[in-house]
Amino acid sequence: MTRQFKIKTGVALAAAMVAVPAAAELKWDNASGGYVKIYGQVSPAWQSVDDGVQSKDTFVDNAHSNTRVGLWVVQPMYQGTFKFNFETAFGFRSSGGVSQTNTPKGVDWDRTDLRKIDFSYSGDSWGTLYVGQGSMASDGIADLSFSGNGMTTYNGVGDFAGSFQFRTAAGALSGVTISSVNPSLDGGRQGRVRYDTPSFNGFSVALAAGTDVLTPGNSDKYYDIALRYAGEFDGTQVKGGIGFSRRDRGGVDRDDTFGAVAVKFRSGLNFAVAGGSRENDGNYTYVLAGYESQFLSIGATSFAIDYYNGSDFGLAGRESKTLGVGVNQNIDSINTQVYLGYRNHELSDPGTSYKDVDAFLFGARWKF
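Because the structure is a prediction, the values reported are computed rather than measured.

## Quick notes on the side chain of Asp212
Note on placement: Asp212 falls in the loop between strand S12 (203–211) and strand S13 (221–233). Here Asp212 is buried and forms no salt bridge, its nearest opposite-charge partner Arg249 lying at an N-O distance of 7.1 Å. Within the local environment of Asp212, its side chain forms a polar contact with the backbone nitrogen of Leu214, the two atoms lying 3.1 Å apart. Side chain to side chain, Asp212 and Asn218 meet in a polar contact 3.2 Å long. Asp212 has contacts with Gln190, Asn218, Asp220 and Tyr222, leaving out every residue within four places of it along the chain.

If you want it as C-alpha cells, here you go:
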C-alpha cells in the first residue's frame, strides 16, 4: 500500500467519522431518582512516523482516549448515592503500541482492556468511597489542562507514538523507546480501595491502595495520595494538583512525585505547567500554551503547543525533548471532534547521539 493511498484513506476515514449521525442518549430513568446509562466513543486515527531512516503509516486507535463502551448505574440510597461503572476498551490497535518492529493485530481484546469495574458510594458531608477496578487517587494529576487539544497535545507523550525506538546516528535501532524517556509519572487504574474527601473551598484530598488485578502473574502493589484544587475568579478558571505514588514490587519501592497547574482566561487563552520526579531515576518539566475560540458555528476550534524536557530517565546524563503542536475542531451537532497533531522527539545520551523521530496523528473521536 503506497503512502499516498494511505493518506487519502486516512482522510476518508476521518470524513466518514464526522458524517456519523448523533445518537440519542441511551439513558433510562426510574421512579426513585436513579438511572441506567450506556455510553461510549469511537476513536480512529491515522499515524505516520519517521524515525530518520524509514517511515511507517498505520491505522490506529488513539491511545489517549481509545474506542470504548461503558455502563453507569446510579441510585440515590440512604442519604447518599450508589454508583456502578463498567467500562471496557475494544482492544483496537493502539497508537502507543505500534513500533518499527511490531504492528499489533487490528483487534486483540484481552482482560487488560477492562478499564473500570467500579462501585462507589458518596455523601455530601463525608465524601466518596470507591471499591473495584478504576482510577487510583493520583490518576489525572499530571495531565491537568484546559486545552481542547487533549487528543494530540497533552502530558502523555507516549500515547502518540510511544513504542517507536530512537535510532542511533548510524541508523541502528537503539532499544530506547519514546515512552520510556518521556513519562508523565501520572497515576493509573488498578484494583483498589479509594477515598475522596468532600471539597473544602475548592480543595480535596484522595488516597488509595491497590494492586494490578488484570495482568496475569503481576502482584505489584500501589499506594498513592493526591491533593486537588479547582476554582474560578472573575471568569478565570484555575485547577491544580500534586500527587505521590508508590509501587511495591517484591519489596522494592518505586516512588513518583508529580503535579500540575492549569489556567484558562475568558479570552480562550490557556496554559498548563507540570513536573515530576522518580526517585533515583529522572525528572521532567512540561509546559503547554493553547487558545480556544468559536470561529465556526459548528463548534469550538482550539490550538495548542507543548514542550516536554526530561532528564536522566534510565541513564544518568540522558536528556529527552519533545515539541508538539495540535489543532482540534469540535462538531457539536454530532458529538465529534476532528484533530491533527505533530510531535518532534529528540534524545541525547553521554557519548551517543540519536536521530529525531517525527510523528503525525490525524483522526476523529465520536462520542455517544
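Picking up where we left off.
## A look at the environment of Val73
You can see Val73 is positioned in strand S5 (residues 68–77). A relative accessible area of 25% means that Val73 is categorised as partly exposed. With 37 residues separating them along the chain, Val73 and Val36 place their C-alpha atoms 4.6 Å apart. Excluding residues within four positions of it along the chain, Val73 makes contact with Tyr35, Val36, Phe82, Lys83 and Phe84.

## Brief notes about the confidence of the model for the protein chain
Averaged over all residues, the pLDDT of the protein chain is 94; the fraction at 70 or higher stands at 94%. Segment residues 1–20 is flagged for pLDDT under 50; beyond a separation of four residues in sequence, or across chains, it makes 29 contacts in the model.

## What to know about the pattern of salt bridges
Applying the stated rule across the entire model yields 14 salt bridges. We note a salt bridge from Glu87 to Arg115, for which the minimum N-O separation is 2.5 Å. Taken together, the positions of Glu87 in strand S6 (residues 80–89) and Arg115 in strand S7 (residues 114–123) put the pair 28 residues apart, joining distant regions of the chain. When the shortest N-O distance is used, the salt bridge between Glu292 and Lys264 registers 2.9 Å. Of the two residues, Glu292 sits in strand S17 (residues 283–296) while Lys264 sits in strand S15 (residues 252–264), which places them 28 residues apart along the sequence. In this structure Glu292 comes out as partly exposed when scored by relative accessible area, which is 22%. Through salt bridges with shared partners, a single network forms among Arg68, Glu87 and Arg115.

## What about the packing of aromatic side chains?
Here the structure, examined in full by the defined rule, presents 12 aromatic pairs. Seen from their ring centres, Phe166 and Tyr354 are 6.3 Å apart, and the 65° between their planes marks the pair as edge-to-face. With Phe166 in strand S9 (residues 165–167) and Tyr354 in the loop between strand S21 (352–353) and strand S22 (357–367), the pair connects residues that are 188 residues apart, well separated along the chain. The class of Tyr354 is buried, set by a relative accessible area of 13%. These aromatic residues form a ring-pair network of at least three members: Phe82, Phe84 and Phe119. The ring of Trp72 has Lys83 lying over it, and the distance from NZ or CZ to the ring centre is 5.8 Å. In this structure, Lys239 packs its charged tip against the face of Phe146, placed 4.5 Å from the ring centre.

Conventions adopted
Starting from 1, residues in each chain are numbered consecutively following that chain's sequence as written. With the structure being a predicted model, the display of local features is reserved for residues of pLDDT at least 70 and the display and counting of side-chain atom pairs for 80 or more, all residues being used for whole-chain, interface and lining totals. Heavy atoms from the whole structure form the basis of all side-chain values; hydrogens and water molecules are not counted. What counts as a helix is a DSSP run of H or I of at least four residues, what counts as a strand is a run of E of at least two, and both are numbered from the N terminus. For every residue, the accessible area obtained with a 1.4 Å probe (protein chains only) is divided by the maximum for its type, and the residue is called buried under 20%, exposed over 50%, and partly exposed between those limits. Counted as positive: Lys and Arg. Counted as negative: Asp and Glu. His and the chain ends are not counted at all. The term salt bridge refers to a side-chain nitrogen of Lys or Arg lying within 4 Å of a carboxyl oxygen of Asp or Glu. Polar contact criterion, stated in full: a pair of N or O atoms within 3.5 Å, where within protein one must be able to donate a hydrogen and the other to accept it, and residues adjacent in sequence count only if both atoms are side-chain atoms. Contact definition: two residues touch when any of their heavy atoms are within 4.5 Å. A score between 0 and 100, pLDDT records how confident the predictor is in each residue. Pairing of aromatic rings covers Phe, Tyr and Trp, the last counted by its six-membered ring, and requires centre-to-centre distances within 6.5 Å; plane angles under 30 degrees mean stacked, over 60 mean edge-to-face, and any other angle means tilted. In our convention, an over-ring charge means Lys NZ or Arg CZ found within 6 Å of a ring centre and within 35 degrees of that ring's normal.

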